[in-house]
Amino acid sequence: MSAVDFLAQEKIWFDKTRYDEAERRFYERMNGPSQPAQDVGANSILQDIARARENIQKSLAGLKTTLSKRGSDQPPMSQHSQLSTSSSNSAADQGELVSRIKSLELENQSLHKVVDDLRAALSKLECRVAVLEKSPAAVTPAPAPSVPYTNGTTVQQKTTAPVKEEEEEDDDDDIDLFGSDEDEEADKLKEQRLKEYAEKKAKKPAIIAKSSILLDVKPWDDETDMAKLEECVRSVQADGLLWGTSKLVPVGYGIKKLQIACVVEDDKVGTDMLEEEITKFEDFVQSVDVAAFNKI
């Protein structure tokens, strides 16, 4: 049963709104009208709903009559026709099953063919590998390293390529009468170039690492003679030590510290040596600190 048939046979009280309206009017006459504006709006809505329901009922009734006419015009399906349709459906299913089986057989045959081709290719590859394993492997000689020089030219070092094991025994008996002279000339040229390079490198002046140090020399109190203190500091002399400018920097409570700069060679003079030498003047110097240290 379709939805339309169900709605056509459903019993609905479509005239309920009419009875409600009649009941409302009866009570209004008995009790008097109340809220006329709202009642007019409600009446109009109820009337529209009632009309829509009447139209639905009419359309469903017409649809029901048309369906009943169509059902009476079509003859009932006989048992023979039902059997024929079922047999046709089963035949169609069998035909589809047969076609699927045939397609699977074709696919199986193609897969067998691919497997046979792969087996043939694998056997050929195994044969080639066996042949390569039997034949001796050829060894390629490594490129000879080149030795760079300062004048831009390079000398190629001669290296002998590795020889097969079978040919090594035959080569031992042969004597190279001309190759020894060429090797000696190459060795002489190599030694000469290395000697020239060493001489040029020795002539170049060595780079001396230097540093700029700023020292803070603090006295004991404000009564210390700062001029004498500076004189004592500058009296420290060493190879690779050069004293620079100095100034007095106030610390507090009338005490001033001596801030003095110097340039030192890193290989000859260090900060530890400077602090040790300056602190020897115990009458004037309380402590020595490194305020700044920069490489030159």
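Residues numbered from 1 in each chain as written. Predicted model: local features only at pLDDT ≥ 70, side-chain atom pairs only at ≥ 80, totals over all residues. Heavy atoms only, no water.

Some words on the overall build of the chain
Then, in step 1: Scanning the chain from terminus to terminus reveals eight helices and six strands.
Then, in step 2: Secondary structure elements of the chain occur, N-terminal to C-terminal, as α-α-α-α-β-β-α-α-β-α-β-β-α-β.
Then, in step 3: Per-residue burial over the chain gives 14% buried out of 296 residues.
Then, in step 4: The long-range fraction of contacts in the chain, counting pairs at least 24 apart against all pairs at least 6 apart in sequence, stands at 64%. (Helix = DSSP H or I, 4+ residues; strand = E, 2+ residues; numbered from the N terminus. Buried < 20%, exposed > 50% of the residue type's maximum accessible area, 1.4 Å probe, protein only. Contact = heavy atoms within 4.5 Å.)

A closer look at the UniProt feature "coiled-coil region" (unreviewed entry) in the chain
Then, in step 1: Per the UniProt annotation, the sites labelled "coiled-coil region" (unreviewed entry) are residues 101-135.
Then, in step 2: Secondary structure content for residues 101-135 is 97% helix and 0% strand, and the end C-alpha separation is 52 Å. (UniProt positions renumbered as here; feature names shortened; annotations may be inferred.)

Remarks on the sheet that holds strand E4 (residues 241-252)
Then, in step 1: Ordered in space as E4-E5-E3-E6, the four strands form an open sheet in which the pairing is antiparallel. The open sheet has two edge strands with one neighbour each: E4 and strand E6 (287-295). Going from strand to strand, the sheet's axes swing by 20° on average, the running direction of each strand aside.
Then, in step 2: In the sheet, E4 pairs with strand E5 (residues 255-265) via nine bridges, with the strands oriented antiparallel. From the neighbouring strand, serine 246 faces E5, where its bridge partner is isoleucine 260. (Pairing = 2+ DSSP bridges. Axes fitted to C-alpha atoms, helices over the stretch in contact; angles between N-to-C directions.)

Re the packing of aromatic side chains
Then, in step 1: Tallying each qualifying case throughout the model produces one aromatic pair.
Then, in step 2: Centre to centre, the rings of phenylalanine 26 and tyrosine 27 are 5.5 Å apart; their planes meet at 70°, and the pair counts as edge-to-face.
Then, in step 3: Relative accessible area serves as the criterion here: at 49%, phenylalanine 26 is assigned to the partly exposed category.
Then, in step 4: The class of tyrosine 27 is partly exposed, set by a relative accessible area of 46%. (Phe/Tyr/Trp six-rings, centres within 6.5 Å; stacked < 30°, edge-to-face > 60°.)

Focus: the pattern of salt bridges
Then, in step 1: Overall, the coordinates contain 13 salt bridges when judged by the stated rule.
Then, in step 2: Across the pair aspartate 20 and lysine 16 runs a salt bridge, and its minimum N-O distance is 2.9 Å. Here aspartate 20 and its partner lysine 16 are both found in helix H2 (residues 16-31), four residues apart, which amounts to about one turn of the helix.
Then, in step 3: The exposure class assigned to aspartate 20 is partly exposed, which follows from its relative accessible area of 36%.
Then, in step 4: A residue is classified by how much of its surface remains accessible, and lysine 16, at 37% relative accessible area, is partly exposed. (Salt bridge = Lys/Arg side-chain N within 4 Å of Asp/Glu carboxyl O.)

Points about unusual backbone geometry
Then, in step 1: The backbone of tyrosine 253 shows a phi angle near 60°, a positive value even though the residue is not glycine.
Then, in step 2: Take tyrosine 253: it is sitting in the loop between E4 and E5.
Then, in step 3: Of the residues examined, tyrosine 253 reaches a relative accessible area of 82% and is grouped as exposed.

Examining a negative patch on the surface
Then, in step 1: The grouping of Asp183, Glu184, Glu185, Asp187 and Glu191 at the surface amounts to a negative patch.
Then, in step 2: Position of glutamate 185 relative to the elements: it lies in helix H6 (residues 179-203). (Patch = residues over 30% accessible without salt bridge, like charges linked within 9 Å, V, L, I, M, F, W, Y side chains within 5 Å. Areas by Shrake-Rupley, 256 points an atom, 1.4 Å probe, with all protein chains shown as cover. Lys, Arg positive; Asp, Glu negative; His and termini not counted. Charge placed at Lys NZ, Arg CZ, Asp CG, Glu CD.)

Observations concerning the nonpolar core
Then, in step 1: By size, the foremost hydrophobic cluster in this structure holds 18 residues, and its most contacted members are Leu215, Val217, Val233, Leu241, Trp243, Leu274 and Ile278.
Then, in step 2: Those elements that provide at least two residues to this core are strand E3 (210-218), helix H7 (226-234), E4, E5 and helix H8 (271-278).
Then, in step 3: Sort the elements by how many residues they give to this core and E5 lands first, with four residues.
Then, in step 4: Setting aside chain neighbours within four positions, we find leucine 241 in contact with Val236, Cys262, Val263, Val264, Val269 and Leu274. (Core = buried A, V, L, I, M, F, W, Y, C linked by side-chain atoms within 4.5 Å.)

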